[in-house]
Amino acid sequence: MKLAVIPGDGIGPEVVAEGLKVLTGVIPQVEISTYDLGASRWHRTGELLPDSVLRELRGHDAILLGAVGDPTVPAGILERGLLLRIRFELDHHVNLRPARLYPGVTGPLAGDQSIDLVVVREGTEGPYAGAGGLLRKDSPHEIATEVSVNTYFGVERVVRNAFERANRRARKHLTLVHKTNVLAYSGQLWSRVVEEVSMEYPDVAVAYCHIDAAMIYLVTDPGRFDVIVTDNLFGDIITDLAAAVSGGIGLAASGNLDVSRTNPSMFEPVHGSAPDIAGTGTADPTATVLSIALLLDHLGMPDSARRVEAAIAFDLATRQPGSVGRTQAVGDRLAALASS
Ligand code: NAD
Ligand code: IPM
Ligand code: MN
């Protein structure tokens, strides 16, 4: 396996180091190339993602990313110029973000909640497309627009992928989350495509939820969700809340998938560079390790993926309060469990 690794900024390198411990313990024959991209390169050279690096990334089987973003760099430079550019250039149209409350993990919700859902977030369109601009800049009449781009092609392929996933799951349930009562045009397109594709998946039950109400149910009744399909921005927000209710952002994994497999897919924790705890050795690397399980599944190594997941499940069920908040201790334990 040829793996490109982008440790990135803040806690990125800290959690990636632990992830690689686990990966190389399970699959010894990984060929790793590490790419120095992020805040320090930008400060040093002004570069974000040189074309030559992008070309090299394409030559790998997969990419593992820690996180990007740094308080010393204006907001958006690294996020758009590096992370989003990779997602767009490599056509990562399915942003897969499972959320599960593992046995032994105490979530913040009242009662005995069961959470086992997967958010299929569109990854290359919506308000992230970069369409829009500033008119009459620096005047009292300034106007900022941010246009959400939703193409039939882009919506159909992510909706289809969500239906395929729902059809393979026990509950076979899919919820479209949107804001069709306000976002008239994109709402129509998403609803119509879901209705159309649903004809091909008669066993999948379909529900619809406005984004605001979905946030209520995620907290009061998360068990109602199985597969959620949604646009890029709603999916970003939903998955931080889904992480928070299922044990915390330190456990939330993601895969940025090019389902056509033309380009390598990229796996990363849902969280960011967490500058508030960077360098303290307290970041939870579990989200990165769980992202490695997604990577192994994507590359057709389900047995190894299950071993990594089982290690995480065992660790979470038996975690001593003292070991939480020690990045290396968690990584060592997961690596030992996964390779034993
Ligand atoms: P964040 O996810 O970095 O942090 C939010 C909170 O969660 C912080 O309190 C942080 O300490 C905590 N946290 C995050 N990861 C954790 C972990 N593994 N273990 C324990 N606690 C953890 O979000 P933010 O503070 O809004 O963003 C910080 C920077 O990261 C910004 O520059 C932002 O743009 C960037 N960002 C990058 C990505 C990415 O690279 N995929 C994702 C989100 C945010
Ligand atoms: C995430 C992040 C990114 C996003 C940012 C950093 C561009 O929040 O991966 O969830 O919005 O997709
Ligand atoms: Mn996010």
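Model, not experiment: these values are computed from the prediction. (Residues numbered from 1 in each chain as written. Chains lettered and ligands numbered in written order. Predicted model: local features only at pLDDT ≥ 70, side-chain atom pairs only at ≥ 80, totals over all residues.)

**Here's the deal with the overall build of the chain**
Quick reminder of the rule: Note on conventions: DSSP H or I runs of at least 4 residues are helices, E runs of at least 2 residues are strands, and numbering of each starts at the N terminus. Two things to know: the radius of gyration comes from C-alpha atoms, and the globule rule equals 2.2 Å times the number of residues to the power 0.38. Exposed residues have 12 or fewer other C-beta atoms within 10 Å of their own C-beta, buried residues have 20 or more, and residues in between are partly exposed; the C-beta atoms are placed from the backbone. Contact definition: two residues whose C-beta atoms, as placed from backbone geometry, lie within 7 Å.
Helices and strands together make up the secondary structure of the chain, namely eleven helices and twelve strands. Computed over C-alpha atoms, the radius of gyration of the chain comes to 20 Å, within 12% of the 20 Å expected from 2.2 N^0.38 for 340 residues, which places it in the range of a compact globule. On the principal axes, the C-alpha backbone points of the chain span a range of 50 × 50 × 40 Å. In the chain, which comprises 340 residues, the share counted as buried stands at 45%. Expressed as a percentage of contacts within the chain between residues at least 6 apart in sequence, the contacts between residues at least 24 apart total 76%.

**Remarks on the site of ligand 2**
Threshold: Any residue whose backbone-placed C-beta atom lies within 6 Å of a molecule or strand is treated as near that molecule or strand. Following the grouping adopted for this structure description, the nonpolar residues are Ala, Val, Leu, Ile, Met, Phe, Trp, Tyr, Cys and Pro, the charged ones are Asp, Glu, Lys and Arg, and the polar ones are all others, Gly among them.
Taken together, Gly69, Glu79, Leu83, Leu84, Asp236, Val270 and Gly272 make up all the residues around ligand 2. Here the shell around ligand 2 takes three residues from helix H4 (residues 77-89), the largest share from any one element. Within the shell around ligand 2, the residues separate by chemical class into three nonpolar, two polar and two charged.

**Brief notes about the packing of helix H5 (residues 152-168) against helix H6 (residues 184-198)**
Convention followed: Structural elements are reduced to axes, namely lines fitted to C-alpha atoms, with helices fitted over the stretch in contact, and the angle between N-to-C directions of any two is expressed from 0 to 180 degrees. Should an angle fall under 35 degrees it is called roughly parallel, over 145 degrees roughly antiparallel, and 65 to 115 degrees roughly perpendicular, with every other angle called oblique. Throughout, a crossing is termed right-handed when the near helix is turned clockwise from the far one, and left-handed when it is turned anticlockwise from it by less than a right angle.
It is the contact of H5 with H6, at a shortest axis distance of 9 Å, that shows an interaxial angle of 45°. Taken together, the axes of H5 and H6 lie oblique to each other. Read as a crossing pair, H5 and H6 show a hand that is right-handed. On H6, the residues that touch Tyr152, Val155, Glu156, Val159, Arg160 and Phe163 of H5 are Leu189, Trp190, Val193, Val194, Val197 and Ser198.

**Some remarks on the sheet that holds strand S12 (residues 265-269)**
Applied cut-off: Any two strands with at least two DSSP-identified bridges between them are counted as paired.
Ordered by their spatial adjacency, ten strands build an open sheet running S2-S1-S3-S12-S11-S4-S5-S10-S8-S9, and the pairing between neighbours is mixed. The sheet is open, and its two borders are formed by strand S2 (31-34) and strand S9 (205-210), each paired with just one other strand. Averaged over all adjacent pairs, the angle separating strand axes in this sheet is 20°, with direction ignored. Relative to the sheet, H5 contacts strand S4 (94-100), strand S5 (116-122), strand S8 (173-178) and strand S10 (227-230), its axis offset from that of S5 by approximately 165°. Packing of H6 onto the sheet brings it into contact with S8 and S9, and relative to S8 it is tilted by some 165°.

**So, the domain arrangement of the chain**
Interfaces are often sized by the accessible area lost when the parts come together. Going by this rule: These domain limits were set by an automatic method or by a database of domain assignments.
For the chain, the assigned domains are domain 1 (1-91 + 259-339) and domain 2 (107-246). Just the C-alpha atoms count here: the centres of domain 1 and domain 2 sit 25 Å apart. Grouping the constituent residues of the side of domain 1 that touches domain 2 by class yields four nonpolar, no polar and two charged.

**Here we look at the UniProt feature "binding site: Mg(2+)" (unreviewed entry) in the chain**
Cut-off, in case you're wondering: UniProt positions are given in the numbering used here, feature names are shortened, and annotations may be inferred rather than shown by experiment.
Residues annotated by UniProt as "binding site: Mg(2+)" (unreviewed entry) correspond here to Asp212, Asp236 and Asp240. Despite a sequence span of 29 residues, these residues sit close together in the fold, their greatest C-alpha distance being 14.5 Å. Classification of Asp236 by C-beta neighbours within 10 Å gives partly exposed; the count is 18. Overall, Asp240 belongs to the partly exposed group, with 14 C-beta atoms counted inside 10 Å. Beyond its immediate chain neighbours, meaning those up to four positions away, Asp240 contacts Ile249 and Val270.

**Thoughts on the packing of helix H10 (residues 302-318) against helix H11 (residues 327-339)**
Interhelical geometry of H10 versus H11 gives an angle of 125° and a closest axis separation of 8 Å. As summarised for this structure, H10 and H11 are arranged oblique, according to the angle between their axes. Considering how the two elements wind past one another, H10 and H11 form a crossing that is right-handed. On the side of H10, the interface is formed by Arg307, Val308, Ala311, Ile312, Phe314 and Asp315, while H11 contributes Arg333, Leu334, Leu337 and Ala338.

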